[in-house]
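# Survey of secondary and tertiary structure
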Amino acid sequence: MSKLRASTSAVHDQLDKKIMDRSPFASKEHYGLFLRYQYHLMNYVASLYQGDQLASMINNLKSRDRTEHLLADFKDLDMIQPNQAMSNAQFSASLHESLGWLYVVEGSKLGAAVLAKEAEKLGLNSEFGARFLAGSGAGRGSHWRQFMQDIEALTLDEQQEQEMLNGAQAAFKFANQLVELSYNQAPNLTADVA
Ligand code: HEM
């Protein structure tokens, strides 16, 4: 875990800044764009949460997927679900690269604690509009601790570990590029926000 964190801390900060520069909580419209970005990201990595091999390594893998929460947020806000064809690329990664991708997507739930507080100022919460940012029923902390324990419990050889670190890098790179792709569709905002 410490290697994952250390090797991605710079790209994380870059992504954090890139998103915050777009003022996601300035208004509900801005928040809508942020949700749309998150949707494209979750949509791209959806298969991660369905993998049987990964499920044997990470506890409660399927229930970690937040796509349903995100879709409910769109409904709450009367937003049309984004066009799924944002990226033509199909997600593809080896098993150990997938662990790195999963680290990035699961880790984003930690930052979501900070973001949920901002969303509250727009009147959004775990039951309306910001379900996606809410912690899991079990509590955000224990959810993340369980994930860390599962990663630490794996016996990886050097190559497998490197693949995992590469996967995390690739995930942050994709998440960074997706900000531009998703936000450049901004002219569609009025079409997406009903
Ligand atoms: C504006 C957006 C974001 C902010 C303000 C933010 C903020 C944070 C904060 C404060 C933490 C540390 C929380 C803690 O240690 O308790 C964190 C962790 C993390 N975030 Fe973000 N984050 C943002 C977006 C993202 C996104 C979009 C992703 C991935 C797609 C991401 C991935 C991660 C990961 C993997 C960690 C865990 C780092 C570790 O190993 O401890 N973050 N984030």
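Residues numbered from 1 in each chain as written. Predicted model: local features only at pLDDT ≥ 70, side-chain atom pairs only at ≥ 80, totals over all residues. Heavy atoms only, no water.

Evaluated as defined, the whole model comprises eleven aromatic pairs. Considering the side-chain rings of phenylalanine 25 and tyrosine 31, the 5.9 Å spacing of their centres and the 35° angle between planes classify their relative orientation as tilted. Exposure class is identical for phenylalanine 25 and tyrosine 31. Each is buried. Both rings, one in phenylalanine 91 and one in tryptophan 101, keep their centres 4.9 Å apart while their planes meet at 85°; by these two values the pair is edge-to-face. With phenylalanine 91 in the loop between α4 (67-76) and α5 (95-120) and tryptophan 101 in helix α5, this pair connects stretches of sequence that are ten residues apart. Taken as a pair, phenylalanine 91 and tryptophan 101 share a single burial class, namely buried. Site record: aromatic cluster; members linked through ring pairs are Tyr44, Phe91, Trp101 and Phe174. The ring of tyrosine 183 has arginine 22 sitting right over it, with the charged end atom 5.3 Å from the ring centre. (Phe/Tyr/Trp six-rings, centres within 6.5 Å; stacked < 30°, edge-to-face > 60°. Buried < 20%, exposed > 50% of the residue type's maximum accessible area, 1.4 Å probe, protein only. Helix = DSSP H or I, 4+ residues; strand = E, 2+ residues; numbered from the N terminus. Lys NZ or Arg CZ within 6 Å of the ring centre and 35° of its normal.)

Positive phi is not limited to glycine here, since serine 23 has a value of about 45°. By the element assignment, serine 23 lies in the loop between α1 (2-20) and α2 (28-44). Since its relative accessible area comes to 32%, serine 23 is described here as partly exposed. Non-glycine residue asparagine 60 carries a positive phi angle of around 50°. On the secondary structure map, asparagine 60 appears in the loop between α3 (52-55) and α4.

Attention now goes to the coordination of the iron atom of the ligand. You will see that the iron atom of the ligand has only one donor from the protein, His12 (NE2), lying 2.1 Å away. Within the secondary structure, histidine 12 is located in helix α1. (Donors = N, O, S within 2.8 Å, 3.2 Å for Na, K, Ca; no water.)

Our next topic: helix α6 (residues 140-152). Taking 1.5 Å of rise per residue, the 13 residues of α6 would be expected to cover 18 Å, and the 18 Å separating its terminal C-alpha atoms lies within 8% of that figure. Turning to α6, its buried residues number three or more, namely His143, Trp144, Phe147, Asp150 and Ile151. Buried positions in α6, seen along its axis, are confined to an arc of 120° and lie on one side of it. In α6, the exposed positions that point more than 90 degrees away from the buried face belong to Gln149 and Glu152. The elements touched by buried residues of α6 are α1, α5 and α7 (158-183). (Expected span 1.5 Å × (residues − 1). Arc of directions from axis to C-beta. Contact = heavy atoms within 4.5 Å.)

With respect to the helices and strands, the residue aspartate 150 is situated in helix α6. Buried and unpaired, aspartate 150 has no salt bridge, with arginine 64 as the nearest side chain of opposite charge at 5.2 Å. A polar contact is formed between the side chain of aspartate 150 and the backbone nitrogen of asparagine 59, at a distance of 2.8 Å. In contact with aspartate 150, other than residues within four places in its own chain, are Met57, Ile58 and Asn59. (Lys, Arg positive; Asp, Glu negative; His and termini not counted. Salt bridge = Lys/Arg side-chain N within 4 Å of Asp/Glu carboxyl O. Polar contact = N/O pair within 3.5 Å; in protein donor to acceptor, adjacent residues only side chain to side chain.)

This part is about the pattern of salt bridges. Scanning the model with the defined rule gives eight salt bridges in all. The salt bridge partner of glutamate 161 is lysine 3, with a shortest N-O separation of 2.8 Å. Residue glutamate 161 is located in helix α7, and its partner lysine 3 is located in helix α1; the two are separated by 158 residues in the primary sequence. You can call glutamate 161 partly exposed: its relative accessible area is 25%.

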